Amino acid sequence: MTHRISAYLDTHLIPYRVIEHVESQSSFASAYLSQIPLPQLAKAVMLEDHESKRLMAVLPANYKISLSSLNDALKRRFHLMKERQVYRLFSDCSPGAVPPIANAYHLDTVFDDLLLNQPYVYIESGDHRHLLQLAQEDFRQLMEDAKHLRFSHETFH
């Protein structure tokens, strides 16, 4: 886990449990290796608008973001950030292991309401070997400043 993430959670008194697993390169593999349901694993998708304003969208790992739904709801025009920009922004993390804790990086956040239906939410810790388990009330505390709405649809594998 990155120092920034542990410091943020500890400073804000957000309890979590570290789940270690064999190194993986995808959220699907992390969920499988950790034996957790995919709808409980939250992933972060980094977006940017035409003014270079950034937004972290947090949604279940087995769902795909609907940019049109998000853009309509927020009355903005977001697009996916380029990978190299994301890697620079999260330089303390392994590439592809972005923790959905936007406040630790001074970013705005929106999360999908589907995550409110889960007893636990698991998130990346900044590497490819650990997930963090949050109870629902702790996830809500983590996302207390974030907007939430429905903006994703399920993918099938």
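Preceding this section is the structure that the text describes.
Note that the structure is a prediction, hence the values are computed from the model and not measured.

A count of helices and strands for the protein gives five helices and 10 strands. Over its C-alpha trace the protein gives a radius of gyration of 14 Å, about what one expects of a compact globule, namely 15 Å for 157 residues. Its C-alpha atoms put the protein at 40 × 30 × 30 Å along the principal axes. A total of 157 residues make up the protein; the buried ones form 52% of that total. For the protein, long-range pairs separated by at least 24 residues make up 67% of all intrachain contacts whose partners lie at least 6 apart in sequence. Accessible surface for the protein amounts to roughly 8200 Å². Of this, 50% is attributable to carbon and sulfur atoms. Averaging the locations of the 16 positively and 19 negatively charged side chains of the protein gives two centres separated by 7 Å.

Inspection of the entire model under this criterion finds seven salt bridges. Glu 48 is the salt-bridge partner of Arg 54, the closest N and O atoms lying 3.6 Å from each other. On the accessibility criterion, Arg 54 (31% relative accessible area) is partly exposed. Overall, the relative accessible area of 8% leaves Glu 48 in the buried class. Two residues, Glu 51 and Lys 53, come together in a salt bridge whose shortest N-O distance is 3.3 Å. Given the relative accessible area of 48%, Glu 51 is considered partly exposed. Lys 53 sits in the partly exposed class, given a relative accessible area of 44%.

With that settled, the discussion passes to helix α2 (residues 27-34). Since one α-helical turn is 3.6 residues long, residues separated by three or four positions face the same way. Listing the buried residues of α2 in full gives Ser 27, Ser 30, Ala 31 and Ser 34. When α2 is viewed along its axis, its buried side chains cluster within an angular range of 95° and face the same direction. Buried residues along α2 sit against β1 (17-20), β2 (41-48), β7 (120-124) and β8 (130-135). A positive backbone phi angle near 55° is found at Gln 35, which sits one or two residues after α2.

Glancing now at the environment of Arg 84. Looking at where Arg 84 falls in the secondary structure, it is placed in helix α4 (residues 83-89). Given the relative accessible area of 53%, Arg 84 is considered exposed. C-alpha of Arg 84 to C-alpha of Pro 95: the two residues are 11 residues apart in sequence and 9.2 Å apart in space.

To continue, consider unusual backbone geometry. Non-glycine residue Gln 35 carries a positive phi angle of around 55°. A positive phi angle is found at His 106, which is not glycine, with a value near 60°. For His 106, the location among the structural elements is in the loop between α4 and β6 (108-112).

Okay, the layout of surface pockets next. In this model, the largest pocket occupies a volume close to 720 Å³. Every residue lining the largest pocket is counted, 26 residues in all, and those nearest its centre are Lys 43, Ala 44, Val 45, Met 46 and Gly 96. The leading source of residues in the lining of the largest pocket is β2, at five residues. A breakdown of the residues in the lining of the largest pocket according to their chemical character gives 15 nonpolar, seven polar and four charged. Computed from the structure, the second largest pocket encloses a volume of approximately 230 Å³. Lining the second largest pocket we find 18 residues, and of these Asp 108, Thr 109, Val 110, Asp 145 and Ala 146 sit closest to its centre. If one sorts the elements of the lining of the second largest pocket by residue count, β6 sits on top with three residues.

Criteria and thresholds
Residues numbered from 1 in each chain as written. Predicted model: local features only at pLDDT ≥ 70, side-chain atom pairs only at ≥ 80, totals over all residues. Heavy atoms only, no water. Helix = DSSP H or I, 4+ residues; strand = E, 2+ residues; numbered from the N terminus. Rg over C-alpha atoms; globule rule 2.2 N^0.38 Å. Buried < 20%, exposed > 50% of the residue type's maximum accessible area, 1.4 Å probe, protein only. Contact = heavy atoms within 4.5 Å. Areas by Shrake-Rupley, 256 points an atom, 1.4 Å probe, with all protein chains shown as cover. Lys, Arg positive; Asp, Glu negative; His and termini not counted. Charge placed at Lys NZ, Arg CZ, Asp CG, Glu CD. Salt bridge = Lys/Arg side-chain N within 4 Å of Asp/Glu carboxyl O. Arc of directions from axis to C-beta. 1 Å grid on protein atoms, 1.4 Å probe; cavity = no way out; pocket = protein on both sides within 12 Å on 5 of 7 lines; lining within 4 Å. Points joined across faces, edges and corners; volume = space filled by probe spheres on them. Nonpolar A, V, L, I, M, F, W, Y, C, P; charged D, E, K, R; others polar.

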